[in-house]
Amino acid sequence: MCAKQGKKSFSLKEYIADPKNKDFIIKVLTVVLVVSILGAGLLIVKRTFLDSNISWTLSEDGVLTVSGTGAIKDFDPLKPDEWLKLKSGETVKEIVICEGITEIGNYAFYKCNKATEIRLPKSLKSVGDFAFMGCTKITDFEFKGNLNSIGKGAFYGCSAAKTFSLTKGVKSIGYDAFYGTGYYNIKDIRVNGALYIDNYLIDVKEDTKGDFTAKEGTVLVADYAFSGCTKLEKATLPKSTVSLGKYAFNGCTALKQVIFDGKIEAFSEGLFWNCTALEKITGEHIFNDPTYYEKNAGDYWNRNAGTAHGQNGDKPFIYTKD
């Protein structure tokens, strides 16, 4: 006679690990969350996942909270989904992005035009292209921690935003990142035609002419910052400047001389694209490697037909430390 077998003991750890139970566990956790928040007086009206690591909730009073770890994915504004409809609707009044989020993807909060407030985490390192484009009622963006890159058009058209607090260490700012913001349009905020946020040079008015000297303490020149300044003849950047954006001097057709007083960490793509009058570039760092220009031919200077690297047509550039 066989011995009577006892019942198999229940293991919560094994139950949770079983992928067949995933949906039920999510439902239970959602109910627990709703009950907890109800106790605090806030009703969650919607909860769902953007991906496996990031979820969002929307409270009854219009607080959109995004939590999890890693990057909020990129979105395509031409492919409407539930997320896009939610943001452009009437319900979202405030955006809270929790600690653990490191990147905000392209178009992530595009046209979230009813929100008036936003809270950003210290963990945030990158803001994608057009991430907050059209958020017309948010008045200020305060960044903390280690933000290092801002994509093109990131705050384009944020017409009520007059305050941007950026962190130290931003390495790149994309084209038109702050165009059409309340800050961009503040009267008399420019210095010698240049718009700065903290020590970042964002934009220079196209009618700037003659000699231009960036203010002391400038650490970064944004992408396309001088683009189209066809009357600019000479530009001087201080010792503090370490980063130059893509196509920063694009189309400065009267520019003859550029002076770098400091150590530029890297030269970006198309830095002097179509600077057809450029004759002289002065600076210490750019001469450390005598083969630098040959190795990077065509990447940073003019790309006009028949133009070799280090030349402006048939006329060679003069590289000097003086």
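Our subject is the structure listed above.
This structure is a prediction, so every number in the text was calculated from the model and none was measured.

(A) A look at the side chain of Thr218. The residue Thr218 is located in the loop between β15 (209-213) and β16 (220-221) in this model. Here Lys215 takes part through its backbone oxygen, which lies 2.7 Å from a polar atom of the side chain of Thr218. Sequence-distant contacts of Thr218, defined by excluding residues within four places in its chain, comprise Tyr196, Asn199, Leu201, Pro238, Ser240 and Thr241.

(B) Looking closely at the pattern of salt bridges. Here the structure, examined in full by the defined rule, presents 2 salt bridges. The shortest N-O distance in the salt bridge between Glu94 and Arg119 comes to 3.0 Å. You can see Glu94 sitting in strand β5 (residues 94-97) and its partner Arg119 sitting in strand β7 (residues 117-119), a full 25 residues away along the chain. In this structure, Arg190 and Asp203 form a salt bridge, with 2.9 Å as the shortest nitrogen-oxygen distance. Taken together, the positions of Arg190 in the loop between β12 (172-173) and β13 (194-197) and Asp203 in strand β14 (residues 200-204) put the pair 13 residues apart, joining distant regions of the chain.

(C) Up close: the sheet that holds strand β8 (residues 126-127). With parallel pairing, 5 strands are arranged side by side in an open sheet as β4-β6-β8-β10-β12. Since the sheet does not close on itself, it has two edges, and those belong to β4 (70-72) and β12, each with one partner. The sheet contact formed by strand β6 (residues 101-104) and β8 spans 2 bridges and is parallel. Across the sheet, residue Ile104 finds its bridge partner in β8, namely Val127.

(D) Molecular detail of the sheet that holds β14. Read across the open sheet, the 4 strands follow the order β13-β14-β16-β18; overall the sheet is mixed. One side of each edge strand has no neighbouring strand; the edge strands of this open sheet are β13 and β18 (243-244). Taken together, the 2 bridges between β14 and β16 define a ladder with parallel strand orientation. The residue bridging Leu201 from the neighbouring strand is Val221, located in β16.

Criteria and thresholds
- Residues numbered from 1 in each chain as written.
- Predicted model: local features only at pLDDT ≥ 70, side-chain atom pairs only at ≥ 80, totals over all residues.
- Heavy atoms only, no water.
- Helix = DSSP H or I, 4+ residues; strand = E, 2+ residues; numbered from the N terminus.
- Polar contact = N/O pair within 3.5 Å; in protein donor to acceptor, adjacent residues only side chain to side chain.
- Contact = heavy atoms within 4.5 Å.
- Salt bridge = Lys/Arg side-chain N within 4 Å of Asp/Glu carboxyl O.
- Pairing = 2+ DSSP bridges.

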